[in-house]
Amino acid sequence: MRKKDEGGMTEKMFQQASGGYLTLEEARALLQAHAYVRYVDETLERYCGTERNSRSLRDRVVEVLRESDPEASTDTLSHRVDTWFRKKYQLISRRSALQIIFGLHMKGEEGETALKRLCGEGFHWRDPQDLVWIFALEKGMGYPDACRLQERMKPLYTLPRNAPADETTMTESVRNQMQGIETEEELAAFLRESAPHLGRLHNTAFQLFSQFMTLLEEAPVLNRQTGERVMKTPEILATYLYDRLLPHEEKGEKPEILRDAVARDIRENWPGEFMISRMRQRSADVNRKTLILLFLACDGGESPYGDTTDRKKEDVFEDTCERLNQMLSDCGFPAMDSRNPFDWMVLYCMVAEEPSDIDDHMAAFLSTIFRDGEGEEDT
């Protein structure tokens, strides 16, 4: 019954976001009242089968982590879980998420869905380390055995630091090849042969990120004297990614508005100059929020997710939503979720007569959410 009710609320929120009849004030009020910030304890309740807000859930999660990390003290694990629950974590570390799905003996789609919900990203099918995790899960290994398998496999796919990255290997090809691997020996042979073609980070997302950023950089007319691109990263952030409208920390203190759960969810992991730089250098993965914002700024650009159809104005929302979800799926990210505050905002702003109108909608909505001195406390 709970699952059905949640599905009904998700559909209702989607209809309200995409209906095109809410004013900005009405949209803000509805989002504050009904948008859903999924905290980690709810996700753990779903997969552990133990009631939320109970000591038994905490004890069950500690037990699962204990199975995956036998050398950790119970006090240490209890403190970690208590912190997740008390501070209302929305996501946990990838290591902890892996320990949980191994401890709960998840496989296949269930394991990947749980990983996405717990840490915000699924398996990267072109990351050799993730291929080892996937193999270990499917074979029913525990987390300690999976870690030992990682150590055995690591020398087979570790390339020199200056080795050129092969950006052409795509997810579906690797998935198909992995389906035929049954033994550790077959896995070792595959990794040894495929190492030069497997990236350590998510290639599809990185390729799209690079395409979108280049498109935004080159959109202005080039300086004829210097030949340099006019649009630099700070300008891109301010012009296309709404940095000028977001609250920023001063002297290590969070702005008062971020005490509000909805505002905090929308602001969290919003790309800044340092984050963009790390993504470009491939020292950090391209995250989901950054990719969505760049997609909207470029309307998919010249990628396979770009707008290449001749469609009526009333089809803008449906077309944009379909292309956006396809991109997220191909990059291993969860599809748009109308109960998530950031996603609901995006869906609401995508209701437009022309794709170019979406930018104005986003700016207006963010101005409404982050205006000075407003926002309810997160109690």
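One can find the structure itself at the top, above this paragraph.
Let me begin by describing the structure that accompanies this report. (Residues numbered from 1 in each chain as written. Predicted model: local features only at pLDDT ≥ 70, side-chain atom pairs only at ≥ 80, totals over all residues. Heavy atoms only, no water.)

Under the counting rule described, the total for this entry stands at nine aromatic pairs. Ring plane angle 55° and centroid distance 6.4 Å describe the contact between W344 and F365, whose orientation is recorded as tilted. With W344 in helix α18 (residues 341–349) and F365 in helix α19 (residues 357–369), this residue pair connects regions lying 21 residues apart in the sequence. Across this residue pair, the class does not change: W344 and F365 are buried. (Phe/Tyr/Trp six-rings, centres within 6.5 Å; stacked < 30°, edge-to-face > 60°. Helix = DSSP H or I, 4+ residues; strand = E, 2+ residues; numbered from the N terminus. Buried < 20%, exposed > 50% of the residue type's maximum accessible area, 1.4 Å probe, protein only.)

The next subject is the environment of S210. Residue position: S210 is located in helix α12 (residues 203–218). With relative accessibility at 25%, the residue S210 sits in the partly exposed group.

In this structure, I266, W270, L291, M327, W344 and M345 are the most contacted members of the largest nonpolar core, which totals 59 residues. Non-local contacts of M327, meaning those with residues more than four positions away in its chain, are made with L208, F212, L291, F295 and Y305. Among the nonpolar cores identified, the runner-up in size contains 48 residues, and L98, I134, A188 and L191 belong to it. (Core = buried A, V, L, I, M, F, W, Y, C linked by side-chain atoms within 4.5 Å. Contact = heavy atoms within 4.5 Å.)

With glycine set apart, most residues show a phi of negative sign, and most peptide bonds adopt trans. For R282, which is not glycine, the phi torsion reads 60° and is therefore positive. Considering the arrangement of structural elements, one finds R282 in the loop between α15 (273–280) and α16 (288–298).

A few words now on α18. Among the nine residues of α18, nine are classified as buried, and the element is accordingly described as predominantly covered. Three or more residues of α18 are buried, namely P341, F342, D343, W344, M345, V346, L347, Y348 and C349. One side-chain oxygen of the residue at the start of α18 lies 3.0 Å from the amide nitrogen of F342, identifying that residue as N340. (Polar contact = N/O pair within 3.5 Å; in protein donor to acceptor, adjacent residues only side chain to side chain.)

The subject of this paragraph is the pattern of salt bridges. Evaluated as defined, the whole model comprises 15 salt bridges. We note a salt bridge from E112 to R175, for which the minimum N-O separation is 4.0 Å. You can see E112 sitting in helix α7 (residues 108–119) and its partner R175 sitting in helix α10 (residues 171–179), a full 63 residues away along the chain. Overall, R175 belongs to the partly exposed group, its relative accessible area being 27%. Between D319 and R323 there is a salt bridge, and its shortest N-O distance comes to 3.0 Å. Residue D319 and its partner R323 are located together in helix α17 (residues 316–330), separated by four residues, close to a single helical turn. Look at the salt bridges and you will find they share partners, linking R55, R58, D59 and D82 into a network. (Salt bridge = Lys/Arg side-chain N within 4 Å of Asp/Glu carboxyl O.)

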